[in-house]
Amino acid sequence: MTNDNAALPARSPLLPDRHPQRDLFVCDIVDAVPKGDMASMEHPVFTLSTKPDMTPRKYVRGENFIEVSPSRYGLATVHDRDVLIYCISQCMAALNENRQVSRSMRFKAYDLLVATNRQTSGRGYELLKDALRRLQGTQIETNLRQGGKEYFKVFSLIDAAEIVKETRDGRMLDVEITLSDWVFDAIQNNNVLTLNRQYFFLRKPLERRLYEIARKHCGAQKLWKVGLELLRDKCGSGSTVKEFRRLLGKIITDDAQHDHMPDYTFSLEEDVVIVRPKKETLQAALPLPLSSLRLDSDTHEEARRLAPGWDMHHLEQEWRSWVLEKGIAVKDPDKHFLAFCKKRGAYKR
């Protein structure tokens, strides 16, 4: 007697390619933090849960905090983030073509669903509606510290969403979204990182969150180390450390078998997680070589106004090293350097 289950192939950890004939595109992801509030980059905003998560959360790092509160639809999920990724990628593409962008944007719902590898069935459109509700309803509170002052800010990830047209069977045609200032400021300041398109094929929310963290913290470095408990907190996991170790170990094992995690590998040494770029990531880490990060002659003059008292050559070298270390995709070197100088501010003796 044969075991039928033994003959079944192992389930792929990746979602199926729902739109194999689509055009490939480049997505950019915002570092989901208010500009200048670098400490809050350490904390997750999106829940890992695939069921309605009604639990308010507060993440504290040093003197900074972010508090995330759900609406009656629950917290925004890691998969809801697809909507923001699409909006940001469209804005960045427009800016790269010297076209103006605004916080309010209109697009075809179908285009978003295809670009992010989501279902285009009636169910897919309903799920998109749910995502819009959670993105608008999730409330974020944070204290921003800059210039010797502390600012308290309350906002949502998107200010508004409207279905402009709807077919008779209930499917959305056009959607209009108004991004929050928090997200739009990051777009205007080029505070974005390029995502591997395979991100949209990752099945587990934890896998997506791990990739985001690796992309931000490891970048093009040879390795990045983080404590297991701290990584759990960065992921926003409600699991115990023991259970989180098991979940992470399963992802590591699956990646060793299927090579499904994009760009980075994860390994565990006791209570330390080690993240390393895969070979192909190192080879294509920077869309522009450092030699291409040339600045216009007028840029230093503007930089001195934004960061008075600094040695501009030292600051430029520090910026270049940071870009290399983090593997940041720099589309406009002058604009990116000036944003770096503005964030640095005046030299404090």
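Residues numbered from 1 in each chain as written. Predicted model: local features only at pLDDT ≥ 70, side-chain atom pairs only at ≥ 80, totals over all residues. Heavy atoms only, no water.

Trainee: Which residues make up the overall build of the protein, and what are the values?
Mentor: Tallying secondary structure elements over the protein gives 12 helices and 12 strands in all. Looking at the protein residue by residue over its 349 residues, the buried ones come to 49%. In the protein, the proportion of contacts linking residues at least 24 apart, taken out of those at least 6 apart, comes to 66%. For the protein, the accessible surface area stands at approximately 18000 Å², while carbon and sulfur atoms represent 49% of it. (Helix = DSSP H or I, 4+ residues; strand = E, 2+ residues; numbered from the N terminus. Buried < 20%, exposed > 50% of the residue type's maximum accessible area, 1.4 Å probe, protein only. Contact = heavy atoms within 4.5 Å. Areas by Shrake-Rupley, 256 points an atom, 1.4 Å probe, with all protein chains shown as cover.)

Trainee: I'd like a rundown of a negative patch on the surface, residues and numbers included.
Mentor: Taken together, the side chains of Asp 296, Asp 298, Glu 301 and Asp 332 make up a negatively charged region of the molecular surface. Note on placement: Asp 298 falls in the loop between helix 9 (279-283) and helix 10 (299-306). On the accessibility criterion, Asp 298 (55% relative accessible area) is exposed. (Patch = residues over 30% accessible without salt bridge, like charges linked within 9 Å, V, L, I, M, F, W, Y side chains within 5 Å. Salt bridge = Lys/Arg side-chain N within 4 Å of Asp/Glu carboxyl O. Lys, Arg positive; Asp, Glu negative; His and termini not counted. Charge placed at Lys NZ, Arg CZ, Asp CG, Glu CD.)

Trainee: A description of the nonpolar core should follow, citing residues and the corresponding values.
Mentor: In terms of nonpolar packing, the biggest core is built from 65 residues, with Val 83, Leu 157, Ile 177, Leu 179, Leu 210 and Leu 231 touching the most fellow members. Ranked by residue count, the leading element in this core is helix 2 (residues 81-96), at 8 residues. Other than its neighbours up to four places away in sequence, Val 83 contacts Leu 112, Leu 128, Ala 131, Leu 132, Leu 135 and Ile 177. (Core = buried A, V, L, I, M, F, W, Y, C linked by side-chain atoms within 4.5 Å.)

Trainee: Hey, could you go over the pattern of salt bridges for me, with residue numbers and the actual values?
Mentor: Inspection of every chain in the model, using the stated rule, returns 21 salt bridges. Notably, a salt bridge pairs Asp 181 with Arg 103, separated by 3.2 Å at the nearest N-O pair. With a gap of 78 residues between them, Asp 181 in helix 5 (residues 181-188) and Arg 103 in the loop between helix 2 and strand 4 (104-108) connect regions that are remote in the sequence. What you see here is one network of salt bridges that share partners, running through Arg 81, Arg 209 and Glu 212.

Trainee: Explain helix 2 residue by residue, including any values.
Mentor: For helix 2, spanning 16 residues, the distance from its first C-alpha to its last is 22 Å, which sits close to the expected 22 Å at 1.5 Å a residue. Counting buried residues in helix 2 gives 12 out of 16 residues, a clear majority hidden from the surface. Taken residue by residue, helix 2 has Arg 81, Asp 82, Val 83, Leu 84, Ile 85, Tyr 86, Cys 87, Ile 88, Ser 89, Cys 91, Met 92 and Ala 94 as its buried positions. One or two steps after helix 2, the chain reaches Asn 98, where phi turns positive at roughly 60°. (Expected span 1.5 Å × (residues − 1).)

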